[in-house]
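# Tertiary structure, described
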Amino acid sequence: MKKRIEAVNDFVVKFANVNGSGSASANELFARTFLRMGIPVSPRNIFPSNIQGLPTWYEVRVTERGWLGRRGGVDLMVAMNPQTWAQDLKEIEPGGYLFYDNTKVLPPSKFRDDINVIGMPLTEICNSTYTDSRERQLFKNIIYLGALAALMDLEPEVIAELIGEQYKGKEKLLKPNLNALQLGVNYARGNLKDALGLKARRAYAVGDQVFVEGNAATALGMVYGGATVCAWYPITPSSSVAEAFQRYCSRLRVDSGTGKNKFAIVQAEDELASIGIVTGAGWNGARAFTATSGPGISLMTEFIGLAYFAEIPATIINVQRGGPSTGMPTRTQQADLLACAYASHGDTKHPMLFPDDPHECFEFAARALDLADRLQTPIFVMTDLDIGMNQRLCKPLAWDDARRYDRGKVMTHAELEAGKDFGRYLDVDGDGIPYRTLPGSHEKRGAYFTRGTTKNAYANYSEAGPDYLYNVQRLLKKFETAKKLVPQPVLTPARQPARFGAIFYGSTSPAMQEALDSLAQKGIYVNALRVRAFPFADEIADFVQSHSKVFVIEQNRDAQMKTLLVNDGGINPASLISILHYDGTPITARFITREIAQIVAALNVRPIKKDKAA
């Protein structure tokens, strides 16, 4: 054995498999076992955009300290795919471990001198135990799970409990899975004793946190936020938002007396049709949304412009992926900011919300519906594949039953009956937001034409320059009003006075929080501001002005958040330094720490000596 990494409840394990091999279930059982033992984990599934045959990876970050971002580097690689062997080997930290199927003997040239190799004849065990080829493939995953449990001191009874829950009501599948698990445990205990220095120890660090995907949390937020219409067209990685919405509505939105659904879900023929349905439903008074990704946004822009100019509520969930064009459908990025902020032709500006975990996905989804009604405009909730399709620990999702929906300025039947002046696009109080009516609210009054063409304050068609200027300037005033209504930024102050600041948002947050701690350990103190919405709060400009330089951390090539800060935040670009990560994998704490430390060194700034508290 080489010099080896020794760690308890603090390491990274990565599984390299083949898509369609049945490994996903076993790998998820591995991650959930740590949770049941009270140890926080953060798993990430890296999968191809085809159905079967290409490489897939499942990375599990285990840390009792609760860091939920990617760290970078791998301490144990479970290499089950010969196709990616060389690539997988490179990721292992010096002193780390390679676990592989050694049924077939490999030459020394296939290994590294600075890692520890653990071989187990998985294929041989399966061939001698099972006759069916599919069983051999599927149970191989459970056998290596059992071996890892024995090597890492995971509690086999916890895994057995999880398997029992997974196959509840399917006892024919339960027993063979438990037998395969025990095969792996027995082999490791008999042949691989003390081969692995990474150990699990029961802890109590999970608390009351829940383990949920961002897409599922978003869908539940839509249910609690009052959405009754969902129109969508399938696209990775957003499809599970609509699918989860349907599941939740089937439980929570069915009339108990009649059994009739109190919701409508339409799988449209394309993205253009889906946003058209949402716009029509919004005009009709329903709370409606669509879920899509970058290519869908591209197709939706004409209707988005209509909803903006006709001032119709619409909520759009954009689960971002790698682009442009088809790009990388199953990889993550934050590269749709500019496309959504200015979606459609002409002069447009759309509010965007940036949740950083499933808890905020739930909160911001419901809040987006309120904002769409209040502002009478499209609202974008900007998540991405990393948040949307990966399970993550977060605060419990909670709803205040006393909360009331904000429907905004809706003129009632009584007000219309009393003869109150109704101008559909009339700004009566200076906030840029006019009153609207809902179809059928009055039998004689309150009707209006809505269209994508110019009009006056009373919705009469007009090509007069003053009428056009009135409306587009009023829309800017409405956007200014939105500043006070959207989620405000969150400050994380450094433990010592800091010359530098950092701005970040969305899924970058978990890695950023860990990087701030790592930088402080190096004597580099950074005040950090998490941006949660566009339009930007005035505090963001104040934050930038109070620091000599501000790092802007984001996951795209073109520094899109920085561009927005300069264009719409009025910030001097010389004050901002971009930290960009855009290879399709989630950003890591090590990447952020290294980039900022190198720039600080280049600026000839001497780190502060580490204080005792750090």
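Here is a short report on the structure shown in this document. (Residues numbered from 1 in each chain as written. Predicted model: local features only at pLDDT ≥ 70, side-chain atom pairs only at ≥ 80, totals over all residues. Heavy atoms only, no water.)

## Let's talk about the overall build of the protein
In terms of regular secondary structure, the protein is built from 19 helices and 22 strands. Projected onto the principal axes, the alpha-carbon positions of the protein cover approximately 90 × 70 × 40 Å. Across the 614 residues of the protein, 56% fall into the buried class. With an accessible surface of roughly 26000 Å², the protein has 51% of that area assigned to carbon and sulfur atoms. (Helix = DSSP H or I, 4+ residues; strand = E, 2+ residues; numbered from the N terminus. Buried < 20%, exposed > 50% of the residue type's maximum accessible area, 1.4 Å probe, protein only. Areas by Shrake-Rupley, 256 points an atom, 1.4 Å probe, with all protein chains shown as cover.)

## Thoughts on the environment of Ala26
Mapped onto the elements of the fold, Ala26 is located in helix H1 (residues 23-36). For the pair Ala26 and Gly146, spaced 120 residues apart in sequence, the C-alpha to C-alpha distance is 9.8 Å. Those residues within four positions of Ala26 in sequence are excluded, and the remaining contacts are Asn141, Ile142 and Leu145. (Contact = heavy atoms within 4.5 Å.)

## Some details on the pairing of strand S3 (residues 41-46)
S3 sits mainly inside the fold: five of its six residues count as buried. As defined by bridge partners, S3 adjoins strand S4 (residues 55-63) across six bridges and the pair is classed as antiparallel. Its bridge partner lying in S4, Val41 is registered against Val62. (Pairing = 2+ DSSP bridges.)

## Looking at the nonpolar core
The nonpolar side chains of soluble globular proteins are, as a tendency, buried together. With 60 residues, the main nonpolar core has Phe30, Phe34, Leu76, Phe99 and Met152 as its most contacted residues. If we skip the residues at most four places from it in the chain, Leu76 touches Val12, Val13, Lys14, Tyr97, Phe99, Leu148, Met152, Leu196 and Leu198. Ranked by size, the runner-up nonpolar core spans 41 residues in total, among them Ala217, Val223, Leu375 and Ile387. (Core = buried A, V, L, I, M, F, W, Y, C linked by side-chain atoms within 4.5 Å.)

## What about the sheet that holds strand S18 (residues 500-504)?
In spatial order, the strands read S17-S19-S18-S21-S22; together these five strands make up an open sheet with mixed pairing. Both edges of this open sheet fall to strand S17 (490-492) and strand S22 (576-580), since each of them pairs with a single strand only. Averaged over all neighbouring strand pairs, the angle between strand axes comes to 25 degrees, with direction disregarded. Bridging between S18 and strand S21 (residues 549-554) involves four bridges; their strand directions are parallel. When the bridges of S21 are listed, Gly501 appears paired with Val550. Helix H18 (residues 560-567) rests against S18, S21 and S22 of the sheet, and its axis sits at about 130 degrees to S21. (Axes fitted to C-alpha atoms, helices over the stretch in contact; angles between N-to-C directions.)

## Considerations on the side chain of Thr315
Of note, Thr315 is situated in strand S13 (residues 314-320). Exposure remark for Thr315: the relative accessible area of 0% places this residue in the buried category.

## A short note on unusual backbone geometry
Excluding glycine, a negative phi dihedral is what most residues carry, and trans is how most peptide bonds are arranged. Cis rather than trans, the peptide bond between Thr236 and Pro237 has omega equal to 5 degrees. For Pro237, the location among the structural elements is in the loop between strand S10 (229-232) and helix H8 (239-252). That bond from Phe534 to Pro535 is cis: its omega, 15 degrees, falls within 30 degrees of zero. Assignment of secondary structure puts Pro535 in the loop between strand S20 (533-534) and helix H17 (538-545).

## Looking at the state of the cysteines
For the coordinates displayed, the defined rule picks out zero disulfides. Of all cysteine sulfurs in the structure, the one in Cys230 sits closest to Cys249, which takes part in no disulfide; the separation is 8.3 Å. Residue classification places Cys249 among the buried positions, given a relative accessible area of 0%. Cysteine Cys361 shares no disulfide, and the gap to the nearest cysteine sulfur, in Cys394, comes to 8.6 Å. On the accessibility criterion, Cys361 (0% relative accessible area) is buried. (Disulfide = S-S within 2.5 Å.)

## Section: the pattern of salt bridges
Using the criterion set out here, one finds 36 salt bridges in the structure. Where Asp373 meets Arg287, a salt bridge forms, and the shortest distance between an N and an O atom there is 2.9 Å. Of this pair, Asp373 sits in helix H12 (residues 358-375) while Arg287 sits in the loop between helix H9 (271-283) and strand S12 (288-292); the two residues are 86 residues apart in sequence, bridging distant segments of the chain. The residues Asp373 and Arg287 share a single accessibility class, namely buried. Between Glu360 and Arg532 there is a salt bridge whose closest N-O contact spans 3.1 Å. With Glu360 in helix H12 and Arg532 in the loop between strand S19 (526-530) and S20, this pair connects stretches of sequence that are 172 residues apart. Both residues of the pair, Glu360 and Arg532, count as buried. One network of salt bridges, in which partners are shared, links Arg287, Asp370, Asp373, Arg403, Arg407 and Arg436. (Salt bridge = Lys/Arg side-chain N within 4 Å of Asp/Glu carboxyl O.)

## Some thoughts on the packing of H12 against helix H15 (residues 465-485)
Across the interface, H12 lies against H15 with an axial gap of 11 Å and an inter-helix angle of 150 degrees. Our pair here, H12 against H15, has a crossing hand that is right-handed. Listed contacts from H15 to Arg367, Leu371, Arg374 and Leu375 of H12 are Lys478, Ala482 and Leu485. (Left-handed = near helix turned anticlockwise from the far one by under 90°.)

## Quick notes on the environment of His581
In this fold, His581 is placed in the loop between S22 and helix H19 (589-602). Taking relative accessible area as the criterion, His581 reaches 9% and is therefore assigned buried. For the pair His581 and Thr103, spaced 478 residues apart in the sequence, the C-alpha separation amounts to 39 Å. If sequence neighbours within four positions are ignored, His581 has contacts with Glu554, Gln555, Asn556, Pro586, Ile587 and Phe591. At a separation of 3.4 Å, a polar atom in the side chain of His581 contacts the main-chain carbonyl oxygen of Thr585. (Polar contact = N/O pair within 3.5 Å; in protein donor to acceptor, adjacent residues only side chain to side chain.)

## Let's talk about the packing of aromatic side chains
Tallied over the full model, the rule gives 17 aromatic pairs. Centroid distance Trp85 to Tyr100: 5.5 Å. Interplanar angle 75 degrees. Geometry classified as edge-to-face. Of this pair, Trp85 sits in helix H2 (residues 85-90) while Tyr100 sits in strand S6 (residues 92-101); the two residues are 15 residues apart in sequence, bridging distant segments of the chain. The pair Trp85 / Tyr100 is uniform in exposure class, with both members buried. Here Trp85 and Phe111 contribute two aromatic rings whose centre-to-centre distance is 5.7 Å and whose plane-to-plane angle is 80 degrees, an arrangement assigned as edge-to-face. (Phe/Tyr/Trp six-rings, centres within 6.5 Å; stacked < 30°, edge-to-face > 60°.)

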